[in-house]
Structures are given as structure tokens and as C-alpha cells.
Amino acid sequence: MKWSEICIHTTQEAVEPIANILHESGSSGVVIEDPMDLQKDWSSVYGEIYDLNPGDYPVEGVLVKAYLPVNSFLGETVDEIKEAINNLLLHQIDLGENTITISEVNEEEWATAWKKYYKPVKITERITITPTWEEYKQERQNETVIELDPGMAFGTGTHPTTVLCIQALEKVLKQGDKVIDVGTGTGVLSIAAAKLGAESVLAFDLDDVAVQSAKINVKLNKVQDKVTVKQNNLLDNLTDSAPRVIVANLLAEIVIRLSDDAAKVLSSDGYFITSGIIKNKKDEVKDKLESSGFAINEVLEKEDWVAIIAEKR
Ligand SMILES: C[S@@+](CC[C@H](N)C(=O)[O-])C[C@H]1O[C@@H](n2cnc3c(N)ncnc32)[C@H](O)[C@@H]1O
């Protein structure tokens, strides 16, 4: 089969929504080439990992690439992708250059193109995330290893927003907590919560592809007794529960929409961990959280992204 590579030159802020658009259009294995990755000193800090070629990276902005089968619908699919990306401007998302190029690749190239970027990564002192196809030996006694097969769901577990959420979970989670993970994607945060000691975790995602991916990863990590994965819009139709922690790695706009419901649902000593928030939207989200009845406990930052730990007042 022939495949077409679609490459979008954009901004860090637009990477997640564009990756979602590409997933929804049926493309496989989104690759993100962000020059910030070249500046990370993975080898000295984390004893790992990457062998990155600077020639693959833009000088400014980020390249988001995905692979579409070459068939009679390709033209229409590309037009739909372009339209959906341009619609992001209506949500005040900066698209930067927003140039879109299409090129043909062979099957072998695309099948391995994204996997070469995905290696075991030490996310925090305690947690390492490794793709299922890498053999990884636990290096330290108290190390918690999460195995992930990202499939077509967001993401590899190494995105700054995911890392920040895991760091926040480590700070607030107590043994025996009930947790809800809104927008679970691959299930990575639910798996982390279960492995960090949560008693039960509800993992919600609107996207069926994510739900299927999270179910697979939950089993792979043997936490199916603790984690229940369901297709659900935000916190809609929640009956019992009263979790002590809600974690939501979504876009700033969606976090704002979720804030009042999160305050209602959480237990009285509850924490709301939010991310997917680009730095320039931090104050808007903080204001909304405060007006929903939260006190801002801590703001964590990584690259252009923030995560906010908010405590129910
Ligand atoms: C940025 S990804 C986060 C994935 C994962 N939690 C992580 O931290 O890597 C956001 C996820 O939220 C899901 N999502 C978006 N809107 C949603 C909604 N209204 N209700 C539930 N999930 C939603 C998307 O399908 C996507 O899987």
C-alpha cells in the first residue's frame, strides 16, 4: 500500500489539537518534531536515550506529521484536515506558519517512522514509561514502570503536559484515593495513579479510539482491578463517586468548561489537577478555578506548558 505523509508546520500550542484532528481523520502514528527536544539533555539526566538528527527539525515552530493511505478519498481527507486546522483559529489557537505539505512514503518508512522517536523515558524519580516493543529492565528498586502502546491515541506519555500531570499526581495522591482521569487518551495517567496507590480510578474519554487504547494499556500494566475505562464526555452522567483527585489533561478551554462540575463532584478535601494549558492561558484558567471554589495550590511548568494543582476550599 502507498502512504502519504502530511506535514504541518505549526506552533507548540497547536500540536495537541492538530494531533487530535489527524487521529480523527484516520491517520496513523503522529510524529512531532519539536526543536525543543534537541535541547533536552536526555543522556546525562536520564541515562538514556535519543539519537536525534537536528536536520529533521525546523529552526522555529514544530512539525506535526502523520500518515494517510493513498486512496480515492485522500484529496477530500486532506481538505477536511486543512479546514479543521483553520477552524482552530476560532478558538484563539496560534497556528504559526500553518504550512501543510504532502509527500509520498513507502509502507516500511511510515510503519517505523514514529517508533524511532519513542524510547523508555524516566518521567520522574519514580516513574519510567517504556513502549511495549522496547525491552526495559527496571533499574532501581522503587522504580515504577509503565508500559504503553500508544496506538492511535494521544500520546506516548512523554508530552510535557502528561509529565506535569504525573508529577502533580505524585504530590497529591494518597494511598487508597479514588481518582477520575478526564481525557484519558492511552490511559497513562490512570495507570500512573493506580501504580502510585489509588484504590480505584475512573478513566473517561470521548474518543472511542482512546477508550480502546486505554483498555489495552490498563491490562498490559495489570491494573484492570483498579481502573475502569469508559467512553464519556467530561464528567457527564456521573452518579456516585466523590473522588479525592480529578486529573484532566485537556485544552485550557475544556478545563474551563469542566471546572464547576469538578468542584461539585470532588470530595471536600479534593484536588483538581489540570493541564494541557499553554502558558499564556494560565491566568484565565486560574481565575476560573478560583471562581469555581478552588484555591490554587501550585503551578508546575515545563517548556511552554503548565499544570495547575487546585485544592477544594
Ligand atoms: C491531551 S490528551 C491527554 C491524554 C492523556 N491523559 C495524557 O495525559 O497523556 C486529551 C484527551 O482528552 C480527550 N478529550 C477531549 N475532549 C474530551 C471530552 N469532552 N470528554 C472526554 N475526553 C475528552 C481526547 O480524546 C484526548 O484523548
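Use the structure listed above.
Residues numbered from 1 in each chain as written. Predicted model: local features only at pLDDT ≥ 70, side-chain atom pairs only at ≥ 80, totals over all residues.

(A) Spotlight on the site of the ligand. Looking at the ligand, there are 24 residues lining it, with Thr 162, Gly 183, Gly 185, Asp 207 and Asn 249 nearest. Those elements that provide at least two residues to the shell around the ligand are helix 6 (160–172), helix 7 (188–195) and strand 9 (200–205). For the shell around the ligand, the per-class residue count stands at 12 nonpolar, 9 polar and 3 charged. (Near = placed C-beta within 6 Å. Helix = DSSP H or I, 4+ residues; strand = E, 2+ residues; numbered from the N terminus. Nonpolar A, V, L, I, M, F, W, Y, C, P; charged D, E, K, R; others polar.)

(B) Fine view of the nonpolar core. In this structure, Leu 169 and Ile 273 are the most contacted members of the largest nonpolar core, which totals 60 residues. With sequence-adjacent residues up to four places away left out, Leu 169 is seen in contact with Leu 189, Ala 192, Ala 193, Leu 196, Val 247 and Ile 273. With 20 residues, the next largest nonpolar core counts Val 62, Ala 66, Ile 81 and Ile 93 among its residues. (Core = buried A, V, L, I, M, F, W, Y, C linked by C-beta atoms within 7 Å. Buried ≥ 20, exposed ≤ 12 C-beta atoms within 10 Å, placed from the backbone. Contact = placed C-beta atoms within 7 Å.)

(C) Looking closely at the pairing of strand 11 (residues 245–249). Taking burial as the measure, the 5 residues of strand 11 include 5 buried ones, the bulk of the element. Of the two faces of strand 11, both are covered, the one formed by Val 245, Val 247 and Asn 249 as well as the one formed by Ile 246 and Ala 248. Examined bridge by bridge, strand 8 (residues 178–182) and strand 11 share 4 bridges and lie parallel to one another. Looking at the pairing, Ile 180 lines up with Ile 246 of strand 11. In terms of strand pairing, strand 11 meets strand 12 (residues 271–278) through 5 bridges, oriented parallel. Its bridge partner lying in strand 12, Val 247 is registered against Ile 273. (Pairing = 2+ DSSP bridges.)

(D) Local environment of helix 1 (residues 12–24). For helix 1, a buried count of 11 out of 13 residues is recorded, marking the element as mostly surrounded by other parts of the structure. Taken together, the buried positions of helix 1 are Gln 12, Glu 13, Ala 14, Val 15, Glu 16, Pro 17, Ile 18, Ala 19, Ile 21, Leu 22 and His 23. Residue Gly 26 follows helix 1 closely and has a positive phi angle near 95°.

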